[in-house]
Amino acid sequence: MTTIRAIRAALAALVLIGSAGPALAQDPGLLFWSPERREAQFRDMAAIQPHGLVTRGDGPVRELPIGAPLDIDIDAHMQAERVAGVLVIQDGQVRLERYGLGMTELDPWVSFSMTKSLTSTLVGSAIRDGYIDSLDDPITDYIPEMAGGGYDGVTLRQLLTMTSGVDWNEDYADPNSDVARMLTTPPEPGLDATISYMRGRARVAEPGTRWHYSTGETNLVGVLVARAVGRPLSQYLAETIWSRAGMEHDAAWARDVQGREIGGCCVSATLRDWGRVGLMALEDGVVGGTRIVPDDWFAQATRKQADIGTPGRGYGYQWWTREPDQFEASGIFGQWIHVDPSRRMVVVVLSAWPTAIGPERSRARFDLLTRIRAAVDG
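Residues numbered from 1 in each chain as written. Predicted model: local features only at pLDDT ≥ 70, side-chain atom pairs only at ≥ 80, totals over all residues. Heavy atoms only, no water.

S.K.: Would you mind going over the overall build of the protein with me for this structure?
M.R.: Summing up its helical and strand segments, the protein has twelve helices and 13 strands in all. The C-alpha radius of gyration computed for the protein amounts to 19 Å, which stays within 12% of the reference 21 Å derived for 378 residues, consistent with globular compactness. Reported as C-alpha extents along the three principal axes, the dimensions of the protein are approximately 60 × 45 × 45 Å. The buried share of the protein, reckoned over its 378 residues, is 59%. Within the protein, counting contacts between residues at least 6 apart in sequence, those at least 24 apart form 68% of the total. Carbon and sulfur atoms make up 51% of the accessible area of the protein, which amounts to about 13800 Å² in all. The distance from the centre of the 37 positive side-chain charges to the centre of the 48 negative ones in the protein is 2 Å. (Helix = DSSP H or I, 4+ residues; strand = E, 2+ residues; numbered from the N terminus. Rg over C-alpha atoms; globule rule 2.2 N^0.38 Å. Buried < 20%, exposed > 50% of the residue type's maximum accessible area, 1.4 Å probe, protein only. Contact = heavy atoms within 4.5 Å. Areas by Shrake-Rupley, 256 points an atom, 1.4 Å probe, with all protein chains shown as cover. Lys, Arg positive; Asp, Glu negative; His and termini not counted. Charge placed at Lys NZ, Arg CZ, Asp CG, Glu CD.)

Structure follows, in C-alpha cells:
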C-alpha cells in the first residue's frame, strides 16, 4: 500500500482537483456527478486530488479478529443504497464485513463530513498538548483576521457546536450555496481561502443561541488547529491518531487550492481503518495505551451540546448524538460511523448514495441499524 500511496501522491500533484467542504473546489459539480462517476471516484479520490498523506507509522497493526457472524442478510440494502462497505465490530471482533461497488479491503473511501469528527478530536489533542488553552477562547485569539465581523466574540466551543449565530447556506442542491462556493471563490490577496470567505459571513443570531449546520465553520476549526499546532492537519492527525491507533494503511486528507487540508471534509481511508476510528472514540480516546485527549473530552464531545430540533438527537463537538448514549460521524452520500457504547459496538457504512442527503436515505440506514442491533442482541 505504501507504493500505491506514493503513486497516488504523484498523480495528485498532476491533477489539480481540490475540495470544498463536501464538494471538490475546482469541480463544484461533484454534487451532481453521475452515479457511475461517484462510485468510481469516491473509491480513489486521493489519486485525483491534492492531499496530505496521513502516515500510519511503524507501529503494530491493531488486529480485528473475526467473531461470530451476524445472522443478517444485507444484500438488498447494499444494492439499493449503493453501499461500498459495511463493517460491524462488537466486543473488538468483526461480526460483519461486506464490500460492494468494486471496493476491496485495500481501497480507501472518501469520508466527506465524517472528517469533522476527526477534526474535533484534534482540537482535544491540541488542548492536551498545550497548543490551545480553552474551548472558551475567542477564535480571534488564534485567527485575528476574523476580528471585526460576524465572528467577533465567538468562542471555539461555539464553533465546534455550530452555534456561532453566523449565516451559512449548506444546501447541497444549490450550486450557489455557501458550501458549493466557499473554495471556488478567489480569496482576498494574502489571506487563507477559508478565512477570506468566512469573515464575510454576517451574524444573524447571538452566539450560543442557535444551532445551524455549517461546513465552513469546521473548515475554520481546521485552520485554527493547524495554526495552533504549527503544522499541517494531516501531520498532526498522523502523530496523534493514525500512528498510534493501530491503523493498517496510510490515509489521505484533501487539500484546498492553497495546499491546506480542509477541516470539514474528505479524509480517505479503508473500511477497517474507519472502524478503528470508531474504536478510538468508543474507547474514550485511548490509543496505544495513551489518552490523546483530555480525560473528559469524549464525555463532552459525544454528549448533546446543541438542540438540532429532532427528538432524541443532538449535536456535540462535531459528533451527532442519539439517545440514550450513542453517537455518530456522518457524511453526505452515505458515509457513517455509528458508535454504541452499551453494545460495545461500532458500525461503519461507506456508500455512494444516489443523492447527497434525503429522508429516504436516512430511513434506510436506520432500518439497517435496527436490523444490526437485533442481530447483535439476538
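Once the structure has been displayed, the description carries forward.
S.K.: Help me understand helix 4 (residues 115–128), please; the structure alone is not making it clear to me.
M.R.: One full turn of an α-helix is made of 3.6 residues, so residues set three or four places apart face in the same direction. The terminal C-alpha atoms of helix 4, which comprises 14 residues, lie 20 Å apart, in line with the 20 Å expected from a rise of 1.5 Å per residue. In terms of burial, helix 4 is a largely internal element, twelve of the 14 residues being buried. Residues of helix 4 that are buried include every one of Thr115, Lys116, Ser117, Leu118, Thr119, Ser120, Thr121, Leu122, Val123, Gly124, Ser125 and Ala126, and no others. Phi turns positive, to about 85°, at Gly130, one or two residues after helix 4. (Expected span 1.5 Å × (residues − 1).)

S.K.: Would you mind going over the sheet that holds strand 2 (residues 83–90) with me for this structure?
M.R.: Adjacent strands of a sheet form backbone hydrogen bonds with each other and so pair up, either parallel or antiparallel. The seven strands are arranged 3-2-13-12-11-10-9 in an open sheet whose pairing can be described as antiparallel. Single-partner strands in this sheet number two, and they are strand 3 (93–99) and strand 9 (313–315). For this sheet the average axis-to-axis angle between neighbouring strands, irrespective of direction, equals 15°. Across the face of the sheet, helix 10 (residues 271–282) comes into contact with strand 2, strand 3, strand 11 (326–331), strand 12 (335–340) and strand 13 (345–351) while running at roughly 145° to strand 13. Contacting strand 2, strand 10 (320–322), strand 11, strand 12 and strand 13, helix 12 (residues 359–377) runs over the sheet at an angle of about 145° to strand 13. (Pairing = 2+ DSSP bridges. Axes fitted to C-alpha atoms, helices over the stretch in contact; angles between N-to-C directions.)

S.K.: Just to check I follow, could you spell out the layout of surface pockets for this structure?
M.R.: A water-sized probe, rolled over the atoms, reveals where empty space remains. The computed volume of the largest pocket comes to approximately 620 Å³. Lining the largest pocket are 22 residues, and of these Arg313, Trp320, Ser330, Ser362 and Arg365 sit closest to its centre. Contributing elements (two or more residues each) for the lining of the largest pocket: strand 10, strand 11 and helix 12. Sorting elements by how many residues they give to the lining of the largest pocket places helix 12 first, with four residues. The calculated volume of the second largest pocket comes to roughly 180 Å³. Lining the second largest pocket are 14 residues; nearest its centre among them are Asp192, Val223, Ala226, Arg260 and Glu261. (1 Å grid on protein atoms, 1.4 Å probe; cavity = no way out; pocket = protein on both sides within 12 Å on 5 of 7 lines; lining within 4 Å. Points joined across faces, edges and corners; volume = space filled by probe spheres on them.)

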